[in-house]
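Geometric and topological summary
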Amino acid sequence: MAYLSDERCKVMGGSDAIKIMQGKWNKLYREKKKLDEVDDLSNVFRVQLGVFTQKFNLEWFIKQNPHFGIEFEEKGFVMPGAENMVKIIYRGHVDAIVMNTKNNERYVFEAKHSSGFQNQERMINYYMPQIQFYLALCHNETENLIFSVIHGNEINVSTIQFNKEYVRIMLDKMEDFWEHILANKEPKDQNDFAINQDSIKIDQKVKRDLCSNNHFRMLSDKYIETKPQFDIHSQVKKELLDTLEESDAEIYNDDIIIKQKNRRRTITIKEKANGTS
């Protein structure tokens, strides 16, 4: 256990952004004011594994995308808060800045390591404050961040775009917190600030809310209503087709015919069963 360095007590960084948006204001305040020690992560295996695999993660991305090149590794950015009512220095160190040599576009590169039980969407949601914070710091360089996550023994890569409205709300909350630092007034924890992320482009796509679309509602209701029957139908069809043996050209009864030819299997309803074939 140890206290935060004097330097980290004077600035707000990417991990701070996560705590702010999670509402963990009291813990962060007490760490910044050196009232509480911070956790020593040097002996936490999963944390150190993430540190160890960071370089490999970046090198693997470059190997799989040879049109990308590394411009900087472990690059620091500082955004002074002189334009704000309260004086905050926002600072962060990104894992890398990479460039697409086909179009000379730069990207922030952020590497993470997680268990195989965490999917990419949950990781993006958890780290979104840090992602948008880094994009705000690097706004003069790029509006895009490559988020590369090792999940167990698999890897997923997403490209996330800077979102001005998300950053505006987040920085407002960080300013509100910093007022407590300046006033030496210990804050209570806040509710999780769940900002709607639908408009944030991830892999060039957004989410759309169609709750007010009546036609979509009608279709979704019908889908839910008919799904059990469809599931039963699909299971019965599978069992019927599995009845075929390798030597069978067809099997039948009074109602249906099941044929197989060249690995293709079909079920036909006889006309006398329902007037169709």
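The preceding data block contains the structure.
First, a word on scope: everything that follows refers to the structure included in this document. (Residues numbered from 1 in each chain as written. Predicted model: local features only at pLDDT ≥ 70, side-chain atom pairs only at ≥ 80, totals over all residues. Heavy atoms only, no water.)

A look at the overall build of the protein
Heads up, the rule is: Only DSSP runs of H or I reaching four residues or more are called helices, and only runs of E reaching two or more are called strands; each is numbered from the N terminus. We compute the radius of gyration over the C-alpha atoms and compare it with the globule rule, which gives 2.2 Å times the number of residues raised to the power 0.38. Relative accessible area decides the class of each residue, using a 1.4 Å probe on protein chains only: under 20% of the type maximum gives buried, over 50% gives exposed, and in between gives partly exposed. Whether two residues touch is decided by their heavy atoms; if any such pair falls within 4.5 Å, the residues are in contact. Per-residue accessibility takes into account occlusion by the displayed protein chains alone, with areas from the Shrake-Rupley method and a 1.4 Å probe. Counted as positive: Lys and Arg. Counted as negative: Asp and Glu, with His and the chain ends omitted from the count. Throughout, a charge is located at the NZ atom of Lys, the CZ atom of Arg, the CG atom of Asp or the CD atom of Glu.
When you go through the protein residue by residue, the secondary structure sums to eight helices and nine strands. In terms of overall size, the protein is more extended than a compact globule, its C-alpha atoms giving a radius of gyration of 27 Å where 277 residues would be expected to give roughly 19 Å. Across its three principal directions, the C-alpha atoms of the protein cover 85 × 45 × 40 Å. Relative to its full complement of 277 residues, the protein shows a buried share of 33%. A separation threshold of at least 6 residues defines the contact pool for the protein, and within that pool the share at least 24 residues apart is 61%. Of the roughly 18,000 Å² that the protein leaves accessible, carbon and sulfur atoms contribute 50%. Considering the protein, the positive charge centre built from 40 side chains and the negative charge centre built from 43 side chains are found 2 Å apart.

Looking at the layout of surface pockets
Put simply, the rule is: Only protein atoms enter the 1 Å grid, on which a cavity is a set of points fitting a 1.4 Å probe that cannot get out and a pocket is an open set with protein on both sides within 12 Å along at least 5 of 7 lines, lining residues being those with an atom within 4 Å of a point. Grid points are joined across faces, edges and corners, and a volume is the space filled by probe spheres set on the points. Side-chain classes are defined by residue name, with Ala, Val, Leu, Ile, Met, Phe, Trp, Tyr, Cys and Pro counting as nonpolar, Asp, Glu, Lys and Arg as charged, and the others, Gly among them, as polar.
Approximately 1,900 Å³ is the volume attributed to the largest pocket. If you go around the largest pocket, you meet 44 residues; those closest to its centre are Ser 15, Leu 41, Val 47, Lys 112 and Tyr 127. Sorting the residues of the lining of the largest pocket by element identifies β1 (11-12), α2 (14-22), α3 (25-32), α4 (45-64), β3 (89-100), β4 (105-114) and α5 (120-137) as the ones contributing at least two each. Residue contributions to the lining of the largest pocket peak at seven residues, all from α4. In terms of residue class, the lining of the largest pocket is made up of 16 nonpolar, 13 polar and 15 charged. Estimates place the volume of the second largest pocket at around 390 Å³. Lining the second largest pocket are 20 residues; nearest its centre among them are Ile 124, Asn 125, Tyr 126, Ile 195 and Gln 197. Top contributing element to the lining of the second largest pocket by residue count: α5, with five residues.

Quick look at the pairing of strand β9 (residues 264-269)
Note the cut-off: We call two strands paired when DSSP finds no fewer than two bridges between them.
Inspection of the sheet shows strand β8 (residues 256-261) paired to β9 by six bridges, in the antiparallel sense. The partner of Lys 261 across the bridge, within β9, is Arg 264. Here β8 folds back onto β9, and the loop between the two strands holds two residues, one of which, Asn 262, carries a positive phi near 50°.

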